[in-house]
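Now for the letters of each chain:
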Amino acid sequence: QVQLVESGGGLVQAGGSLRLSCAASGRTFSGYAMGWFRQAPGEEREFVAAMSWSGEITDYADSVKGRFTISSDNAKNTVTDDAKNTVYLQMNSLKPEDTGVYYCAAVVVFEPNRVYSSSYRYDYWGQGTQVTVSS
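Model, not experiment: these values are computed from the prediction.

Here is what the cut-offs are and how they apply
Residues numbered from 1 in each chain as written. Predicted model: local features only at pLDDT ≥ 70, side-chain atom pairs only at ≥ 80, totals over all residues. Heavy atoms only, no water. Core = buried A, V, L, I, M, F, W, Y, C linked by side-chain atoms within 4.5 Å. Buried < 20%, exposed > 50% of the residue type's maximum accessible area, 1.4 Å probe, protein only. Helix = DSSP H or I, 4+ residues; strand = E, 2+ residues; numbered from the N terminus. Contact = heavy atoms within 4.5 Å. Phe/Tyr/Trp six-rings, centres within 6.5 Å; stacked < 30°, edge-to-face > 60°. Lys NZ or Arg CZ within 6 Å of the ring centre and 35° of its normal.

1. Quick look at the nonpolar core
Generally speaking, a soluble globular protein has its nonpolar side chains buried in company with each other.
Inference 1: The biggest cluster of nonpolar side chains holds 36 residues, and the ones touching the most others in it are Met 34, Trp 36, Leu 89, Met 91 and Tyr 102.
Inference 2: Put simply, the parts of the chain that give this core at least two residues each are strand 1 (2-7), strand 3 (18-27), strand 4 (31-39), strand 5 (46-51), strand 7 (68-76), strand 8 (82-91), strand 9 (100-109) and strand 11 (129-134).
Inference 3: For this core, the element with the highest residue contribution is strand 9, accounting for six residues.
Inference 4: Contact partners of Met 34, with chain neighbours within four places excluded, come to Leu 4, Cys 22, Ala 24, Ala 50, Met 51, Ile 70, Asn 85, Val 87, Cys 104, Ala 105, Ala 106 and Tyr 122.

Take a look at the structure:
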């Protein structure tokens, strides 16, 4: 079982910045690939960014490339096999169209460089955090 706890959403003016955090914890013998998705009112959930367990591979939606950066801190207790993975989404030059509920997602992987942009690949989801960008 993996638990995801998000934080960092809020209201910001266009051109501003926000940093979202998502802490993933749980017992696993491997690690997690992580992703961020967002959903605007009346719209389907869409991919924003993803990162492999190794942290070496990232992927971004075209709409956020050059403005958003995904990063992570990984830690694993080799005695208990408890793994903690915190993923961040630094969002700069925000636009009103970035408004929505942002969700963190995780999937247990055994390949350190595996990364996914499709929501159906992810098994665990956070509760979501609201990001509102005013014009």
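Picking up where we left off.
2. Regarding the packing of aromatic side chains
Two aromatic rings are characterised by how far apart their centres lie and by the angle between their planes.
Inference 1: Summed over all chains, the structure comprises five aromatic pairs.
Inference 2: Seen in terms of ring centroids, Phe 37 and Tyr 122 are 5.4 Å apart; in terms of plane orientation they differ by 80°. Their pairing is edge-to-face. One end of the pair, Phe 37, is in strand 4; the other, Tyr 122, is in the loop between strand 9 and strand 10 (124-125), with 85 residues separating them in the sequence. Tyr 122 matches Phe 37 in its accessibility class, with the two residues each being buried.
Inference 3: Both rings, one in Phe 37 and one in Trp 125, keep their centres 5.2 Å apart while their planes meet at 55°; by these two values the pair is tilted. Of this pair, Phe 37 sits in strand 4 while Trp 125 sits in strand 10, and the two are 88 residues apart along the sequence.
Inference 4: Three or more aromatic residues link up through ring pairs in this structure, and these residues are Phe 37, Phe 47, Tyr 116, Tyr 122 and Trp 125.
Inference 5: Note that Arg 19 overlies the ring of Tyr 88, its terminal NZ or CZ placed 4.0 Å from the centroid.
Inference 6: Seen from the ring of Tyr 103, Arg 45 lies directly overhead, with NZ or CZ sitting 3.8 Å from the centre.

These results come straight from atomic positions and should not be treated as a statement about function.
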